[in-house]
Amino acid sequence: MNTLHNQLKISSISHSYGKLEAVRDVSLTIDPGIVHCLLGPSGSGKSTLLRVIAGLEQPVSGTVTIAGIDVNGPHLLEKPENRSVGFVFQDYALFPHLNVLRNVLYGMPGAKRSEQRKHAAQLLERVEMAGYESAMPHTLSGGQQQRVALARALARKPAVMLLDEPFSSLDARLRTEVRDTTLRVLREMNVATLLVTHDPREAMGSGDWISVIREGKLIQTAIPEDLYFRPVDQETAETFGTINRLPATQHEGDLLTPSGSINPDTLPCDSDGFLLIRPELLELHSPGNPVSSIWTSGVVVRVDQEGGTNLVTVQVKDKSRLYARCLAPTSWKPGNPVQIKINL
Amino acid sequence: MIQLARVWRLRWTWTLTSLSIAAFATIPLIEICRHIGRDSDGTWQHLTETVLAGYIYNTTVLAVGVSIGSLLMGVCTAWLVTMCQFPGRQVLQFALLLPLAIPTYLLAYAATDLLQFSGPVQTLIRETFHWTKEDYWFPNIRSLSGAITILSLGLYPYVYLASRTAFLEQSACVLEVSRTLGVGPWSSFLRVALPLARPSIVAGLSLTVMETLAEFGAVDYCAVDTFATGIYRTWMSLGSLTAAAQLSACLLGAILLLLIIESAARSKLRFHHATYRYRELTLFKLRPPMALLTLLFCCAPVLFGFVFPVTLFMLKSFRNGDERAREIFLELGQNSLIVAALAGLVATFLALITAYCRRIQPTPAVKVATRLSGLGYAIPGGVIAIGLFGPLSWIEENIDKGADELFGWSPGFWLTGTMVALIIGYQTRFLAVALSMIQAGLTRIQSTLDDASYVLGRSPGRTLGQVHFPLLRGSLLCAALLVFVDTLKELPITLILRPFNFETLAVRVYQLASDERLDEASSGALAIIMTGLIPVIILSRLMSVSRPSLNRTNKPLP
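Just so you know, these numbers come straight off a predicted model, no measurement behind them. (Residues numbered from 1 in each chain as written. Chains lettered and ligands numbered in written order. Predicted model: local features only at pLDDT ≥ 70, side-chain atom pairs only at ≥ 80, totals over all residues.)

Draft legend 1. Structural view of helix α1 (residues 46-54) of chain A. Across the 9 residues of α1 of chain A, 9 count as buried, placing the element largely inside the fold. Of the residues making up α1 of chain A, those classed as buried are K46, S47, T48, L49, L50, R51, V52, I53 and A54 of chain A. (Buried ≥ 20, exposed ≤ 12 C-beta atoms within 10 Å, placed from the backbone. Helix = DSSP H or I, 4+ residues; strand = E, 2+ residues; numbered from the N terminus.)

Shown next, in the form of structure tokens:
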């Protein structure tokens, strides 16, 4: 198998359970070695999409192409066992009656037993589970089970890896560690990975690309930075944290907001014509400071401690409120007058 | 296109297998219905004029009587054993299941033997009080009330099991709330625990009534004419298949009504535990006089339903069992073992396929098919045998004719003349037992294991072999054992469908007892009871694991 072709391409996939439309016209391309996160609330159709790609569900329409081969099409349905797909389930689904080694060997192709064992040992080494070959799944911790499940899924040398909330049942401290190991291994093996999650921070921390899905529809696909600073709508924006939302109108090439005008090239409006600005982009200055291109001014009304940063709420001219985030510790106190600059 | 064809063939193989198993299971029903409007050459008129009213009366009184009896014994003992602390409680919670091990017809033989005029009880009474026959009244066990008593003793464990499981599942929190609201323990039982347990109790009760309606041996021995005995007699003595089928149709109608009532009663009464906190019950300590009374009350069903009859059979077997009788029983035992083992294996295999198909292809057709496959347990054995006899003979005749024309060779009575017909009959009746056991086992296996296996390159068939089969071993063994034991003590199907001159242990015991030769039957009866203990042990183990536990892990089932 040419690893250059470890590509997953899905186009116009739709699927429904009876009347319920679970997935609506979803298209995505994931290149080899790329981790693509699918972010959405529970019931948004993200798990259904994974099951469609794996062949566990037959979509109503659309095509799935794995490593250049169509596996789903109008006249075609490849069975899950014949697809080059690895799947790590939310509950890991390790076979409880097989030990770690035999779990890994379960799906391994190849004729010679000795070669299989060597490959399995390499995989277990890779996921840092060497030495646990004869352990039974129920004696392992959640993180260990997850890594065995990963090794098992990798045993078939899949072109595409599907991860269904694989870190959600781990405690917070362990989660980062296991996630880093998992994604490092997948990138090293040049596999196209689709990771499903409902946790925006996990998506931000692990995805090369992120797709936001809601009610079965893809809302936005972007790299993490763009998704954070240039969300297409308010709901997507608020998924990742506090945001300033200002009504804006086009006027002679500028965007007019109640607080002042902005060049539309730097910050686009969302689909409803509102301007969305993250608090990080607002810089606060004392009124005396000579600062160029001040956008607007107001009075600090509240300062929230967030640990490494502070969220400062400023009341501006028209009584509306803006949020600015600055590094802690900060000298701003409620009642201080401030000037605000947009920092791009 | 090739791929698509493969996928569809895969689906159809499973679906068709499941559908054909269901079709086979429904043959007796269809056959019975086919006979409803038929002319039975006056036999039906004869029956309606003479015995039908009696059948209806006896069957109804029997069903109602047994319901009341088993409710009284089953629910009360379950509550006492679950909630109260008294000496012997630990032993009794399992001992109360023991009467299940004795087929009701053996209970009837034992009771008659103990309580008849020349039996030990009456003799003792006469000797103590120097009475003669005319001096006292003694209840006649071979009567309708006798049959009700015997069946209640033999069948109350179904109600006991259901209500005990329900009581155990109730969190102590619910009952403690009731107590803090100023309601006493007995009132709490009536106003909280009992209503909450009602759906389970209804299920246990319906099983009891179903068994009562299907009961042949005990009722026959007590000389009470019910539908079940009537069907057998109409076929065996009057030789009218059509009239027997028509009687069967009446009985089936009653059972259908019962099932409808049950499901209606249960759908309205589904409760969800509002609290997820489960607390062990604090047992209610009984003071000595009350504890003694409770102990006696809970011991009585065990003594009368198990200890006394078993002791009787043991004494008889040791005292009177002669060498020759033992030899015959050894041979019959072999017959019984072969038939029961075959029935158990076949039923487990068919149930595994049906249940697995229901899991991987839950299409409406397969769901209906699974339901139909499990229907047989509600149908009395005699009805199944009557319903199978015609179709099996028809198949046999036609194959015989066809083979004769084509090859000039006829296979003869390869169905009704051999064990095959018997095995088919047992499947129709007991497939449900294996099916429910295996379905329960399958639901304990997460569905992601199936998905994981497919994604790792296994077909559904190989997944069954490599994942489900090893994980289900316990359930499969239980299923096979339960069918094995049920087959071993089965009477009506065996009596009607057995090949000429073929006898099983149960049949011989029944015949000897009918001829009042209980001494000779005692060894066989003991053998049946001992094997009957196996499912009781399985049930009591299941009951002790059904307790909710907070940290249950994915350990493989033993």
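Draft legend 2. Structural context of the environment of A328 of chain A. Residues and elements named next belong to chain A. For A328, the location among the structural elements is in the loop between β20 (321-327) and β21 (337-342). According to the C-beta neighbour criterion, A328 is partly exposed, with 13 such atoms within 10 Å. Each C-alpha atom, one on A328 and one on G307, is 7.3 Å from the other, the two residues being 21 residues apart in sequence.

Draft legend 3. How the structure looks around the environment of D164 of chain A. Residues and elements named next belong to chain A. One can find D164 in strand β8 (residues 160-164). Overall, D164 belongs to the buried group, with 23 C-beta atoms counted inside 10 Å. A C-alpha to C-alpha distance of 24 Å links D164 and P109, two positions 55 residues apart in sequence. Ignoring sequence-local partners within four residues, the contact set of D164 consists of S47, L50, V88, F89, Q90 and V196. (Contact = placed C-beta atoms within 7 Å.)

Draft legend 4. Summary view of the interface of chain A and chain B. Each side of the interface is counted separately: chain A has 22 residues, and chain B has 22 residues. Listed by contribution, the elements that provide at least two residues to the side of chain A that touches chain B are β6 (76-77) and β7 (85-88) of chain A. Of the residues contributing to the side of chain A that touches chain B, the split by class is 13 nonpolar, 4 polar and 5 charged. (Nonpolar A, V, L, I, M, F, W, Y, C, P; charged D, E, K, R; others polar.)

Draft legend 5. Representation of the domain arrangement of chain A. Residues and elements named next belong to chain A. Along its sequence, chain A is organised into domain 1 (3-234) and domain 2 (242-342). Placing the centre of domain 1 and that of domain 2 at their C-alpha centroids yields a distance of 40 Å. Facing the 7 residues of domain 1 at the interface are 7 residues of domain 2. Looking at the side of domain 1 that touches domain 2, its residues break down into 4 nonpolar, 1 polar and 2 charged. (Domains from an automatic or database assignment.)

Draft legend 6. Structural context of the sheet that holds β7 of chain A. Residue and element names in this part refer to chain A. Read from one edge of the open sheet, 6 strands run β7-β8-β9-β3-β10-β11, paired in mixed fashion. Edge positions in the open sheet fall to β7 and β11 (217-222), since each of these has one partner strand only. With direction set aside, neighbouring strand axes in the sheet form an average angle of 20°. Both strand β3 (residues 35-39) and strand β9 (residues 192-197) contribute to a ladder of 5 bridges, which runs parallel. If you follow C37 over to β9, its bridge partner there is L195. (Pairing = 2+ DSSP bridges. Axes fitted to C-alpha atoms, helices over the stretch in contact; angles between N-to-C directions.)

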